[in-house]
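Structural description and commentary
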Amino acid sequence: MHPAPSPRKTSPRKTAASPGSARPGVAFAALIVANVALAFGPWFVRAADTGPVASAFWRITLATPVLAALALAGGARPQRLPASLWALLVVAGVAFAADLGTWHLGILRTTLANATLFGNCATLFFPIYGFLVARAWPTRTQGTALMLAAVGAALLMGRSYQLDPRNLAGDLMCLGAGIMYTGYFIVMARVRDTMAPLSSLALSSFASIVPLYVFAMVLGESLWPTHWGPLIGVALVSQVLGQGCMIYALGKLSPLVVGITLLVQPVVAGAVGWIVYGERLGLPDLVGAAMVAVALVLVRRTPRVAPAPATPHLTD
């Protein structure tokens, strides 16, 4: 889960790099790599020997210096930012910390496939926010997408409860994380009006470190790991490689291509859950997952409701 929101304003040069521009194959390859890398995030969380929120703390703490270095290498330079922009970055950091911490808690309580699907539901919640801002009803296709998502989520949660009542709590946590991630997108959409994507990602990630540390301490989690491998993996594979490739691909491919490709995430996560943890998916799981997946694609392919903010791209 967790990509940065797409920019609402583009320069002429960025417009030239829009869908159909040169090297689309490279952008598509980056998109596939991003989704596969992000799908391994829940596995690293389960493998970590710290608490789940503590693993989120280390994910961001280890990745932020790398993201900052990449931003500097891309031409970003330290500069004085207005207080209002810093306030937005702090709010975004707190929202991202709440999202990531809650999602990591949910990962340990449900299947990897469900955690990935529900954690990515910000793609559905963000357009709902756009409808409220525009005071408009969704189109027929968008309404169908929301209905499919609701029915598919109900099937998945019902199946989770049948397998183990504790799984339902994990589903709800991941769904709640998706709602909090929507709040992060809403704030970051304003930040992205004036900041480049990698710079805004690095600063908002930095702002989430302290809230995640406090969150982990309040829960009484073990902070220091015995084995650093899973934490380095979730930081470099999910946060740096996944986020970095997703940011590169955004703006170079159409929303429909991005929407369809994000379906790689639950497929890979489900395969990992099946192979490593024996989490076999039954027919209700497959039908529910397919309904949610179709809903994600439909939401991405429909026109945005003006003046709604841009639809987010998931990079958790």
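Computed from a predicted structure; not experimentally measured.

Calculation notes
Residues numbered from 1 in each chain as written. Predicted model: local features only at pLDDT ≥ 70, side-chain atom pairs only at ≥ 80, totals over all residues. Heavy atoms only, no water. Helix = DSSP H or I, 4+ residues; strand = E, 2+ residues; numbered from the N terminus. Buried < 20%, exposed > 50% of the residue type's maximum accessible area, 1.4 Å probe, protein only. Contact = heavy atoms within 4.5 Å. pLDDT = per-residue confidence, 0-100. Axes fitted to C-alpha atoms, helices over the stretch in contact; angles between N-to-C directions. Left-handed = near helix turned anticlockwise from the far one by under 90°. Nonpolar A, V, L, I, M, F, W, Y, C, P; charged D, E, K, R; others polar. 1 Å grid on protein atoms, 1.4 Å probe; cavity = no way out; pocket = protein on both sides within 12 Å on 5 of 7 lines; lining within 4 Å. Points joined across faces, edges and corners; volume = space filled by probe spheres on them. Phe/Tyr/Trp six-rings, centres within 6.5 Å; stacked < 30°, edge-to-face > 60°. Lys NZ or Arg CZ within 6 Å of the ring centre and 35° of its normal. Core = buried A, V, L, I, M, F, W, Y, C linked by side-chain atoms within 4.5 Å.

One can find Phe 57 in helix α4 (residues 52-73). The buried category is assigned to Phe 57, whose relative accessible area is 9%. Separated by 153 residues in the primary sequence, Phe 57 and Val 210 place their C-alpha atoms 8.3 Å from one another. The contact partners of Phe 57, leaving out residues within four places of it in the chain, are Ile 209, Leu 212, Tyr 213 and Leu 223.

Turning next to the confidence of the model for the chain. Mean pLDDT over the chain stands at 78; residues scoring 70 or higher make up 75%. Here helix α1 (residues 12-16) stands out as the element of the chain with the lowest mean pLDDT, 40, in contrast to helix α11 (residues 209-218), whose mean of 96 is the highest. The model gives residues 3-22 a pLDDT under 50, and that stretch makes 41 contacts with residues more than four places away or in other chains. Across residues 304-315 the pLDDT falls below 50, and counting only partners more than four positions away or on other chains, this stretch makes 55 contacts in the model.

A separate point is the packing of helix α5 (residues 83-107) against helix α10 (residues 197-207). The geometry of a pair of packed helices is captured by two quantities: the angle between their axes and the separation between those axes. One can describe the packing of α5 onto α10 by two numbers: an axis separation of 7 Å at closest approach and a directional angle of 65 degrees. Crossing of α5 over α10 shows right-handed handedness. From α5, Trp 86, Leu 89, Val 90, Ala 92 and Gly 93 reach across to α10, where they touch Ser 200, Leu 203, Ser 204 and Ala 207. For the contact of α5 with α10, the class distribution of residues is six nonpolar, three polar and no charged.

This next bit is on the layout of surface pockets. Within this model, the second largest pocket holds a volume of roughly 460 Å³. If you trace the second largest pocket, you find 18 residues lining it, with Ala 76, Arg 77, Met 195, Ser 199 and Leu 203 closest to the centre. Where the lining of the second largest pocket is concerned, the elements lending two or more residues are α4, α5 and α10. Considering only residue class, the lining of the second largest pocket consists of 13 nonpolar, four polar and one charged.

The tally for this structure, following the rule as stated, stands at ten aromatic pairs. Taking the centre distance of 4.9 Å and the plane angle of 80 degrees together, the rings of Trp 58 and Trp 228 count as edge-to-face. One end of the pair, Trp 58, is in helix α4; the other, Trp 228, is in the loop between α11 and α12 (229-249), and 170 residues separate them in sequence. The rings of Phe 57, Trp 58, Tyr 213, Trp 224 and Trp 228 are connected pair by pair, giving a single aromatic cluster. The ring of Tyr 277 is capped by Arg 46, whose NZ or CZ atom sits 4.6 Å from the centre of that ring.

Tracing the backbone shows Val 267 in helix α14 (residues 264-277). Assessed through its relative accessible area of 59%, Val 267 is described here as exposed. Between the C-alpha atoms of Val 267 and Thr 116, which are 151 residues apart in sequence, the distance is 9.3 Å.

This next bit is on the nonpolar core. With 46 residues, the main nonpolar core has Leu 100, Trp 103, Tyr 184, Val 191 and Leu 212 as its most contacted residues. Of all the secondary structure elements, the ones that give two or more residues to this core are α4, α5, α6 (112-119), α9 (165-191), α10, α11, α12 and α14. The element contributing the most residues to this core is α5, with eleven residues. In this structure, Ala 27, Leu 31, Ala 34 and Ala 249 belong to the second largest nonpolar core, which totals nine residues.

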